[in-house]
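# Residue-level structure breakdown
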Amino acid sequence: MDTATTSRRIAGLALPALVVLAAEPLYVLVDTAVVGHLGSVPLAAVAVGGTVLTMAAWLGTILAYGTTGRAARRFGAGDRAAAVQEGLQASWLAFSAGLVIAIGMQVAAGPLARALAGNPEIAGAAAQWMRVAAIGAPGLLLAAAGNGWMRGVQDTRRPLRFVLGANLLSAALCPILVYPAGLGLVGSAIANVVAQTVSGVLFAVALLREDISWRPHLRVIGEQLRMGRDLLIRGGAFQLSFLSATTVAARFGTATVAGHQIAMQLFFFTALVLDAVAIAAQSLVGAALGAGDAAGARVLARRTGFIGVVCGVAFAVVIAAGSGVVPRLFSSDGAVLDQAGVAWPWFVAMQPVAGLVFALDGVLIGAGDVRYLRDLTVVAALGFFLPAIWTAYVLDWGLAGIWAGLTLFVVVRCVALLMRLRTGAWAVVGAVR
């Protein structure tokens, strides 16, 4: 397969995936804007409640990534029914976990809100929002599982319609429920539930239309849980790293942590786009290995890595050009803008490397090489990133030290991923790894 065809295949999967990835954050922006006009307490309540329920979305991402690689291998081996079965078992797991979250949050919302908010008024409003919003957890996780298996069989059009349609419906409902219907903050939570439930139902109906048995297979679910465990540990290392970076930045003062937050949110935005390339890699590499084509998988890995670098370079150029403009969209405080300027050169410099890292992460997830990714992320976080940023605190290096540590974290992972790619140990062929 020539490079142009390979690039088109990657783009054909990455672009719809990007829209799906962007739909939820864009809806959150709409929701925040609507609630913000209710006053500072409701806005703070959504911020607190949303922080807790973000964990459910994080679990959904892990579930989707694990399902994509496993389903892609089955699909590549020519067994589409088995690929869909992977999606069915993931859906059983998703629905069960969603029910646990929905029920458990009815009890846990109050204590969690009080622990996070401090202010009793905000805590009460946040708990009320969480109890209602948590009802959407089964739909949220069902949609994640559905995204996973559909990406695995290289069907990106239906997820695009399902997720985008549900979020557009919810975005339209949110202001109506909050204001004319007079439901206030609860109306925002109901709109969330509608989006997640409608999306989950659409993916469940898609499964119903497949000619497969609906019986749960505990062995397959157990294998999915083991893969999910490794991805969960990997994700936990990321969360610990980013939380620690914010904690260290806060110790340097308000302006420093605010400047760090501006650069960090833009980092997460670029990661969102690069994740779409990684999702394409998961699907295509898994399918190639399932078909027994290790050489084709290596070609896809190299091409995906190249596209990741190109995207990273493009981001670096745009971010560098916008250094005097973009931070001002977030703050007019001179001290905050100065601190954002400290982080900016590091942010620009890491983009090409980060583009390659995200792409190769997708390659190894698609190959099912998640144990290596888990161990690499833990070692890079605990052995390099955390010591670097706490050294920056002790030696008073400020935000430059924190972002140097973040750049080191990305570079270490890049070197290790390239070494793994070169060994070929990741390219295990077969319908299962």
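Residues numbered from 1 in each chain as written. Predicted model: local features only at pLDDT ≥ 70, side-chain atom pairs only at ≥ 80, totals over all residues. Heavy atoms only, no water.

### Comments concerning the packing of aromatic side chains
A complete count under the given rule lists 12 aromatic pairs for this structure. Consider the rings of W92 and W214, whose centres lie 6.3 Å apart with planes at 85°: the pair is edge-to-face. Taken together, the positions of W92 in helix α3 (residues 80–117) and W214 in the loop between α7 (185–208) and α8 (218–251) put the pair 122 residues apart, joining distant regions of the chain. A relative accessible area of 31% places W92 in the partly exposed class. The interplanar angle of 65° and the centroid separation of 6.2 Å between the aromatic rings of F242 and F267 together place this pair among those described as edge-to-face. Linking F242 in helix α8 with F267 in helix α9 (residues 254–290), this pair joins segments that are 25 residues apart in sequence. A single burial state applies to F242 and to F267, both of which are buried. (Phe/Tyr/Trp six-rings, centres within 6.5 Å; stacked < 30°, edge-to-face > 60°. Helix = DSSP H or I, 4+ residues; strand = E, 2+ residues; numbered from the N terminus. Buried < 20%, exposed > 50% of the residue type's maximum accessible area, 1.4 Å probe, protein only.)

### A short note on the pattern of salt bridges
Opposite charge on two side chains permits pairing when their charged atoms draw close. In the structure shown here, the tally under the stated rule is 13 salt bridges. In this structure, R70 engages E86 in a salt bridge whose closest nitrogen and oxygen atoms are separated by 2.9 Å. Within this pair, whereas R70 is found in helix α2 (residues 40–76), its partner E86 is found in helix α3, the two being separated by 16 residues in sequence. In this structure R70 comes out as buried when scored by relative accessible area, which is 14%. When the shortest N-O distance is used, the salt bridge between D369 and R433 registers 3.4 Å. (Salt bridge = Lys/Arg side-chain N within 4 Å of Asp/Glu carboxyl O.)

### So, the packing of α9 against helix α13 (residues 398–423)
In the contact formed by α9 and α13, the axes pass within 11 Å of each other and the chain directions differ by 25°. On the basis of their axis angle, the class for α9 and α13 is roughly parallel. The two elements α9 and α13 meet at a crossing, and its hand is right-handed. Taken together, the residues of α13 that come into contact with α9 (itself represented by T256, G259, H260, A263, M264 and F267) are L399, I402, W403 and L406. (Axes fitted to C-alpha atoms, helices over the stretch in contact; angles between N-to-C directions. Parallel < 35°, antiparallel > 145°, perpendicular 65-115°, else oblique. Left-handed = near helix turned anticlockwise from the far one by under 90°. Contact = heavy atoms within 4.5 Å.)

### A short note on the environment of A295
Considering the arrangement of structural elements, one finds A295 in helix α10 (residues 294–321). For A295, a relative accessible area of 45% corresponds to the partly exposed category. Residues A295 and A427, spaced 132 residues apart in sequence, show a C-alpha to C-alpha distance of 8.6 Å.

### Focus on the packing of α9 against helix α11 (residues 334–366)
Here α9 crosses α11 at 15°, and the two axes come no closer than 8 Å. It follows that α9 is roughly parallel to α11 by the angle criterion. Judged by the sense of rotation from one axis to the other, the crossing of α9 with α11 is right-handed.

### Concerning the domain arrangement of the chain
Its domain assignment divides the chain into domain 1 (3–216) and domain 2 (227–423). One C-alpha centre belongs to domain 1, the other to domain 2; they are set 24 Å apart. Taken together, the contact between domain 1 and domain 2 spans 26 residues of the former and 29 residues of the latter. Interface area, domain 1 with domain 2, both sides summed: about 2500 Å², of which 73% is carbon and sulfur. For domain 1, the biggest contributors to the area lost against domain 2 are I10, Y65 and R73; these three give 27% of the whole. Across the domain 1-domain 2 interface, the total number found is zero salt bridges. One can count four residue pairs in polar contact (both at pLDDT 80 or more) joining domain 1 with domain 2. Those elements giving two or more residues to the side of domain 1 that touches domain 2 turn out to be α1 (3–36), α2 and α5 (137–152). The class makeup of the residues in the side of domain 1 that touches domain 2 is 13 nonpolar, nine polar and four charged. (Domains from an automatic or database assignment. Buried area = accessible area lost by both parts, 1.4 Å probe. Polar contact = N/O pair within 3.5 Å; in protein donor to acceptor, adjacent residues only side chain to side chain. Nonpolar A, V, L, I, M, F, W, Y, C, P; charged D, E, K, R; others polar.)

### Some thoughts on α5
End to end, α5 covers 23 Å across 16 residues, agreeing with the expected 22 Å (1.5 Å per residue, within 8%). In terms of burial, α5 is largely enclosed, as 16 of its 16 residues are buried. Taken from the residues just after α5, Q154 is the one with a positive phi, measuring 60°. (Expected span 1.5 Å × (residues − 1).)

### Concerning the side chain of N167
Structurally, N167 can be placed in helix α6 (residues 157–178). Ignoring any residue separated from it by four or fewer positions in sequence, one finds N167 in contact with A23, E24, Y27 and A195.

### Structural notes on the environment of L141
With respect to the helices, strands and loops of the structure, L141 is situated in helix α5. Separated by 52 residues in sequence, L141 and Q89 place their C-alpha atoms 13 Å apart. Discounting chain neighbours no more than four positions away, the residues touching L141 are A56, L59, G60, L63, A94, A97, G98 and I101.

### Focus: α9
Between its terminal C-alpha atoms α9 stretches 51 Å, which fits the 54 Å expected from 37 residues at 1.5 Å a residue. For α9, the principal kink sits at V273 and spans about 25°. With 27 of 37 residues buried, α9 is to be regarded as a mostly interior element. Of the residues trailing α9, G292 is marked for its positive phi of about 80°. (Bend = angle between axes of the 7 residues up to and from the residue.)

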